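What follows is the residue order along each chain.
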Amino acid sequence: MNSNICKLCTIKNADKRNSHIIPKFLCKSLFDSTIYRNLKVIYDNGKVENKQDTPKENFIFCTNCEKRFEIIETYFASIIKDIHNYNALPNKFRHIIKDKIIECDNINAILFRLFVFSLIWRTSVSNLNEFEKFKIPNEIEEKLRQFLDSHLDITLQGLLSSVDSKEQTTEYHICLIKPNVKETPSGGVLSAVSTTEKCHILMLVDFALFFIVDDESLVPEMQVLSNKNKSKVIIGLGDNSEWRQMNRLFVNYPPTIDNSKLNNCH
């Protein structure tokens, strides 16, 4: 019998099997093609394993906390579809800089942080080999856990009511970048790497998520993309060829990350 304690609530028994660390809807384009496609997991010893699903892990969350994650994931699944279709939805998305940055009128900034933090935190606490190169500092990991635990809810109504809270956890930089046009099949990868203790990157196939823990570690070229203290969510846009080039940097570990190439993608 499993005796682990849920990593989120730290109270109940972690009885849930097959918890997605990264929601499958974020990475489904890995498998969208007329040609049979796999997720290839490449281990340090060179072993390659084919999978038809995003990484899942047993016994790290309780059933109740898994439900809380599902509520916010379901809420953002439709929002992600809108983001990919931003040019056709001028009532929801406004170009701050044409083909470079959009502002999102339909995304609550606090719920956005909750969703992003759930991705960052779950990747950091995971024991899976796929995410072993991604680890945020323990004290920040605990801050995010507390924030998630106090705001996530088992109902949509309860989740939405949490946006009235004054506690917003805005001390971290969140930068989200996507290609101008979502391609099929996608030219993106699923990867997670902490380049330093202060800079952490999730490559989510059609999005690149940068989590930077202090002002000093945010390169000047990325400052315009930071959602720190923003009342409206902003998203960076990148030329598709530059997007594919950036993703190639993450195929091997350690990645050869050239800041100039990252900066060219917005």
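Residues numbered from 1 in each chain as written. Predicted model: local features only at pLDDT ≥ 70, side-chain atom pairs only at ≥ 80, totals over all residues. Heavy atoms only, no water.

1. Structural notes on empty space enclosed by the protein
Formally: Of the grid points, spaced at 1 Å and generated over the protein atoms alone, those admitting a 1.4 Å probe that cannot get out make up cavities, while open sets with protein on both sides within 12 Å along at least five of seven lines make up pockets; any residue with an atom within 4 Å of a point is treated as lining. Grid points are joined across faces, edges and corners, and a volume is the space filled by probe spheres set on the points. Helix and strand assignments follow DSSP, with helices taken as H or I runs no shorter than four residues and strands as E runs no shorter than two, numbered in order from the N terminus. As a working rule, the residues Ala, Val, Leu, Ile, Met, Phe, Trp, Tyr, Cys and Pro are called nonpolar, Asp, Glu, Lys and Arg charged, and the rest polar, with Gly in that last group.
A complete count under the given rule lists 1 cavity of 30 Å³ or more for this structure. Ile 80, Phe 112, Phe 115, Val 116 and Leu 176 are the residues nearest the centre of the largest cavity, which is lined by 14 residues in total. Breaking the lining of the largest cavity down by element, the ones donating at least two residues are helix 2 (63–84) and helix 3 (109–125). Of the residues in the lining of the largest cavity, the class split is 14 nonpolar, no polar and no charged.

2. Focus on the environment of Pro 55
So the rule is basically this: Relative accessibility decides the category of a residue: with a 1.4 Å probe and only protein chains considered, values under 20% of the type maximum give buried, values over 50% give exposed, and everything between is partly exposed.
Examined against the element boundaries, Pro 55 turns out to sit in the loop between strand 3 (48–51) and strand 4 (56–57). Residue Pro 55 is classed as buried on the basis of its relative accessible area of 2%. Taking the C-alpha atoms as reference points, Pro 55 and Ile 22, separated by 33 residues in sequence, lie 7.1 Å from one another.

3. Here we look at the pairing of strand 5 (residues 93–97)
Heads up, the rule is: Being paired, for any two strands, means DSSP has found at least two bridges between them.
One ladder, built from 4 bridges, connects strand 5 with strand 6 (residues 101–108); its direction is antiparallel. Across the sheet, the residue bridging to His 95 is Ile 102, located in strand 6. Following strand 5, the chain reverses through 3 residues before pairing antiparallel with strand 6; Asp 99 in that reversal takes a positive phi of roughly 60°.

4. Concerning the sheet that holds strand 9 (residues 199–204)
Stated formally: Lines fitted to C-alpha atoms define the axes, with helix axes restricted to the stretch in contact, and inter-axis angles between N-to-C directions lie between 0 and 180 degrees.
The mixed open sheet is built from 7 strands, whose spatial order is 5-6-11-7-10-9-8. If you trace the sheet from one side to the other, it starts and ends with strand 5 and strand 8 (190–194), each paired once. In this sheet, adjacent strand axes meet at a mean angle of 25° when their direction is disregarded.

5. A short note on helix 2
For clarity, the threshold we go by: By definition here, a helix of n residues has an expected span of 1.5 Å times n minus one. A residue's bend is simply the angle between two axes: one fitted to the seven residues ending at it, one to the seven starting at it.
The end-to-end C-alpha distance of helix 2, which contains 22 residues, comes to 31 Å, matching closely the 32 Å that a straight helix rising 1.5 Å per residue would cover. Helix geometry: helix 2 is bent most strongly at Ala 77, by close to 25°.

6. As for the confidence of the model for the protein
Low pLDDT means the predicted atomic positions in that stretch should not be read closely. The line we're drawing: The pLDDT score gives, residue by residue, the confidence of the prediction method on a 0 to 100 scale. Contact between two residues is taken to exist if any of their heavy atoms lie within 4.5 Å; hydrogens are not considered.
Across the protein, pLDDT averages 85, with 82% of residues at or above 70. Under a pLDDT of 50 for its full length, residues 256–266 has, in the predicted model, 31 contacts with residues more than four places off or in other chains.

7. Considering a nonpolar patch on the surface
Stated precisely, the cut-off is as follows: Patch definition: residues above 30% relative accessible area lacking any salt bridge, with like charges linked at up to 9 Å and the nonpolar side chains Val, Leu, Ile, Met, Phe, Trp and Tyr linked at up to 5 Å. In this description, accessible areas are obtained by the Shrake-Rupley approach with a 1.4 Å probe, and a residue is regarded as covered only by the protein chains that are shown. The term salt bridge refers to a pairing of a side-chain nitrogen on Lys or Arg with a carboxyl oxygen on Asp or Glu at a separation within 4 Å.
The grouping of Ile 96, Ile 97 and Val 224 at the surface amounts to a nonpolar patch, some 230 Å² of accessible area in total. Turning to its location among the elements, Val 224 is positioned in the loop between strand 10 (208–212) and strand 11 (232–238).

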